[in-house]
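What the coordinates show
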Amino acid sequence: MSERGALAGLRVVELGSGIAAPYAGWLLAALGADVVKVEPPGIGDPLRRQGPLAASGSSGLFEYLNANKRSVALDVRDGPELDRLLTRADLLVEDLGPGGLAVAGYPDPRLDELNPALVRVRLSDFGQDGPFRDVPATGFTLQAMAGWVAPRTRPDSVPVQVGGDLQEYVAGVFSAVAALTALRAAGRTGRGVVADVSKLEAAHSALPPPTLYAHTLRKLGWGSVSAQHRPLDVVACKDGWVGINMLTAQQWEDMCLLFGMPEFIDEWAALKQGGPRLGEFAAKAAEWLERHTADEVIELCQAFRVPSIPVSNGATMPRLPQWQERPFFHTGASRGGDVLTPGFPWRLSGTPVGVRRPAPLLGEHTGEVAAEPPVRARWIAGAGPPPGEPPLAGLKVVDLASFWAGSYLTCYLGAMGADVVKVESVQRPDGFRYGKTFRELGEDWYERSDVWQGTNLNKRDVTLDLNSERGRELLRRLLADADMLVENYSARVVEAFGFGFDAVHELNPRLVMVRLPGFGLEGPWRDNVGFGHAFEQGGGLAWMTGHPELPPATPGGYADPVVGMHGAVAALAALAHRDRTGEGQLVEVPQIEVVACTGGGQVIEHSLTGAVPMRRGNADPRALDQGVYRTTDGWVAVTLRGEAERDALGGDDLAAWCARRTSAEAAGALRAAGVPVAALPAPESYLTHPQLVERRYFTPLTHPVTGRVEFPGWPMRYSTGPQEHHRSPAPTLGQDNAAILTGRLGLDADELAELERQQVIGTRPKGLGASAKETGR
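So, here's what we can say about the structure. (Residues numbered from 1 in each chain as written. Predicted model: local features only at pLDDT ≥ 70, side-chain atom pairs only at ≥ 80, totals over all residues. Heavy atoms only, no water.)

Glancing now at the layout of surface pockets. Considering only enclosed or pocket space, the second largest pocket measures out at about 940 Å³ in volume. Together, 41 residues line the second largest pocket, and Thr138, Gly139, Glu168, Lys199 and Arg622 are the ones closest to its centre. Looking at the lining of the second largest pocket, the elements that each hand over two or more residues are helix H1 (20-30), strand S5 (119-124), helix H6 (139-145) and helix H7 (166-185). In terms of residue count, H6 provides more of the lining of the second largest pocket than any other element does, four residues in total. (1 Å grid on protein atoms, 1.4 Å probe; cavity = no way out; pocket = protein on both sides within 12 Å on 5 of 7 lines; lining within 4 Å. Points joined across faces, edges and corners; volume = space filled by probe spheres on them. Helix = DSSP H or I, 4+ residues; strand = E, 2+ residues; numbered from the N terminus.)

Our next topic: the pattern of salt bridges. Scanning the entire structure with this criterion turns up 63 salt bridges. When the shortest N-O distance is used, the salt bridge between Arg70 and Glu368 registers 2.6 Å. Taken together, the residues span a long stretch of sequence, with Arg70 in strand S3 (residues 69-73) and Glu368 in helix H15 (residues 366-370) at a distance of 298 residues. For Arg70, a relative accessible area of 4% gives the class buried. Classification of Glu368 as partly exposed rests on a relative accessible area of 42%. A salt bridge links Lys422 to Asp430; its shortest N-O distance comes to 3.1 Å. (Salt bridge = Lys/Arg side-chain N within 4 Å of Asp/Glu carboxyl O. Buried < 20%, exposed > 50% of the residue type's maximum accessible area, 1.4 Å probe, protein only.)

Under the criterion given, the structure shown has five cavities of 30 Å³ or more. Of the pockets and cavities examined, the largest cavity occupies roughly 140 Å³. Together, 15 residues line the largest cavity, and Ser205, Pro209, Tyr408, Gly454 and Pro712 are the ones closest to its centre. Elements with a contribution of two residues or more to the lining of the largest cavity: helix H8 (199-205) and helix H16 (405-415). When its residues are assigned to classes, the lining of the largest cavity shows nine nonpolar, six polar and no charged. If you add up the space inside the second largest cavity, you get close to 80 Å³. For the second largest cavity, the full set of lining residues is Asp90, Ala117, Val119, Leu183, Ala186, Gly187, Gly190, Arg191, Arg378, Trp379, Ile380 and Ala381. Here the residues of the lining of the second largest cavity are counted per class, giving seven nonpolar, two polar and three charged. (Nonpolar A, V, L, I, M, F, W, Y, C, P; charged D, E, K, R; others polar.)

Spatial strand order, S10-S16-S15-S14-S11-S12-S13: seven strands in an open sheet with mixed pairing. In this open sheet, the two strands that pair with only one neighbour each are strand S10 (347-348) and strand S13 (459-463). Here strand S15 (residues 512-515) pairs with strand S16 (residues 586-588) via three bridges, running parallel. By the bridge assignment for S16, Arg515 is matched with Glu588. Packing of helix H18 (residues 469-480) onto the sheet brings it into contact with strand S11 (396-399), strand S12 (419-424), S13 and strand S14 (484-487), and relative to S11 it is tilted by some 150°. (Pairing = 2+ DSSP bridges. Contact = heavy atoms within 4.5 Å. Axes fitted to C-alpha atoms, helices over the stretch in contact; angles between N-to-C directions.)

Trp148, Leu413, Val514 and Trp714 are the most contacted members of the largest nonpolar core, which totals 153 residues. For this core, the element with the most residues is H7, which contributes 14 residues. Setting aside chain neighbours within four positions, we find Trp148 in contact with Gln143, Val160, Val162, Leu166, Gln167, Val170, Ala203, Ala206, Leu207 and Tyr558. (Core = buried A, V, L, I, M, F, W, Y, C linked by side-chain atoms within 4.5 Å.)

Our focus in this paragraph is the sheet that holds strand S8 (residues 240-244). Taken in spatial order, the three strands make up an open sheet running S7-S8-S9, and their pairing is antiparallel. Edge positions in the sheet fall to strand S7 (233-237) and strand S9 (308-310), since each of these pairs with one other strand and no more. Pairs of neighbouring strands in the sheet enclose a mean axial angle of 30°, with direction left out of account. Relative to S9, S8 runs antiparallel, the two sharing three bridges. Across the sheet, the residue bridging to Gly243 is Ile309, located in S9. Contacting S7, S8 and S9, helix H13 (residues 294-303) runs over the sheet at an angle of about 160° to S9.

The next point concerns the side chain of Gln691. Along the chain, the position of Gln691 falls in helix H28 (residues 690-694). With sequence-adjacent residues up to four places away left out, Gln691 is seen in contact with Phe126, Asp129, Gly130, Pro131, Phe132, Arg133 and Leu200.

Here we come to the environment of Ser719. Counting through the fold element by element, Ser719 comes out in the loop between strand S22 (716-718) and helix H29 (737-743). Residues Ser719 and Arg120 lie 599 residues apart in sequence; the distance between their C-alpha atoms is 10.0 Å. Excluding residues within four positions of it along the chain, Ser719 makes contact with Val193 and Val194.

Our next topic: the environment of Leu123. Counting through the fold element by element, Leu123 comes out in strand S5. Judged by its relative accessible area of 3%, Leu123 falls in the buried class. Here the alpha-carbon distance between Leu123 and Leu96, two residues 27 residues apart in the chain, equals 7.7 Å. Aside from chain neighbours lying at most four places away, what touches Leu123 is Ala20, Ala21, Glu94, Asp95, Gly97, Ala171, Ser175, Val197 and Lys199.

All right, on to the pairing of S7 then. Of all five residues that make up S7, four are buried, and the element is covered over most of its length. Judged from the five bridges that link them, S7 and S8 form a sheet pairing that is antiparallel. Of the residues in S8, the one forming a bridge with Asp233 is Ile244. Remark: two residues form the turn of the hairpin made by S7 and S8, two consecutive strands paired antiparallel.

Note that every value here comes from positions in space, so none of it alone points to a role or purpose.
Okay, here's the thing in structure tokens:
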């Protein structure tokens, strides 16, 4: 075990402020990188002054996001000192805006001259190019442009943002992934790679892909995507708020039986569409809930394998039973020990993460850094890909993930060149195949979920019945020469199959095993079921989303891709460590703890003030005015940052001004006046958004069953490629059985036929009856 961290020796210069870029730096620093934060002398990162303040004089949020870093007070125009820093660095993370570093005197040719091996991550609102490159934006208008500002709880409610600055953390984690990918790409040539990261595209990438569901509905002639009612979801019980979440029709049936309401078992689809019995259902459910405490509701729901969890806030999150027995929140990031902050989003068995130093005072390490020698050995993330190949070419990944979070991680690895083999079975295919698809599409409807396809691009697929010894033996052979295993079952499942970390480490000591359990590998909630909605409720995001006079609102599925990308950061770091030392390790990524890292600002505020931060609808205390306003044909989201921007209205009331115009007219006029604004888009319009089109965010792929579909890409573009976001369409079930079992494991045709006869392998799910349960309709 190394105490230095998976990224020990990596030198990072951070030229960023606020949340997004510092969060990227925080993730890298937690993994052992030496992150030097460059701040303006006498001023520092403006986040230092954004209250509430800790005893150190900096804000609690600043202390959280800047633990394990060193601070240098330096004007970026002070050439010699910044030259010295950049010459010694392996990686630069900056958010100075398109061309901002060049304006400060550091265009690419000068950076190449100073340090040709320097990897650069450039984070900006829209990316470094495109027609929206210089358009004014705020986090709120970026959310709106990406479809995050939407009705919640009811389709007819006022659209509302996702609370808690989640979009900033999303941009930060994608930037960290981009950094480690670019470092690996640079490993063979020694030439620096530039990663261009767009906040708008990051927000799109974290959104449950509405363009894909819209494509499915168009094929059926059923119209466009529309908001649905959520029977239950966040509900009041005897002593508080709980989340009750159904992803499958089986969970819905079980919930109806638990509540003593079997008459609603066949009503799920109708209730989600606001059917005539919705009020009756809500009244009966409320009557049952009034008789039960939150603990009772959760215990009963979990017994039926229905995901349920307390809706937690800044005061209650640290007191959840799971975190009472599995320490997560801590005060180590604070210089005065007075700030309670979230812990880290992962646990690594061989290179533990932790607080090595509290957040720095402004310029605390200026002299120390200046005294360091000007020359140092280059840090290598790994051997790097062969010339002309994508960054992760040559890596072998075995994918046991299902549904979204783990599958999204492996989708990215495959896009970057890894050979990802997805393992399913005909007895139990990935349940996400049955999501957002319908039997009306044909007898192969289980291959026609565009949403499933969107998280399983860039992979090959093999079916193995892991309940059979033969299936387990074949999986062991796949793992014997693999670089990585990814799984996100509940904690007990892989151990039951015999593939816990100790077993796979003995089989292949170089293997990196990435596990994404819902609640962690130990603790009282270890075996609880959960998915994205539940983690958003327990991890604080639901509490901060919605209007203050209304119940908390579940954001609605953003957790899964966010968890997947946090997993990618740790996985790439663990691979870099493995390549330098030969040591594989276990990477544990508890999904609720990832979400708590992105929603933990309310815990910090409560620890300093004793008050429970409250959701604020679309308002932002940093803005003069912010909200959504009706137009003649929809809504626009507007942020007025000061009186000068209000003057663009000609003295008119903003609501009245918008109400006389179409969304396009209002957005165009305000944008021309320099006001951050976005028309709330329909999902179909994403495909034609000028910025996304110019930057080729969507990638068309042709699937053997569903034909040509445009899939969302990634929010980062690399100067060395790949030029396309995705390499191949999603596989059909068992599509690559022969190629993998013969080509990689050496089986012959007779052995394949026998495996199929025994149903160890196959290409069609077993037990597809007439019930609609599999579709989750």
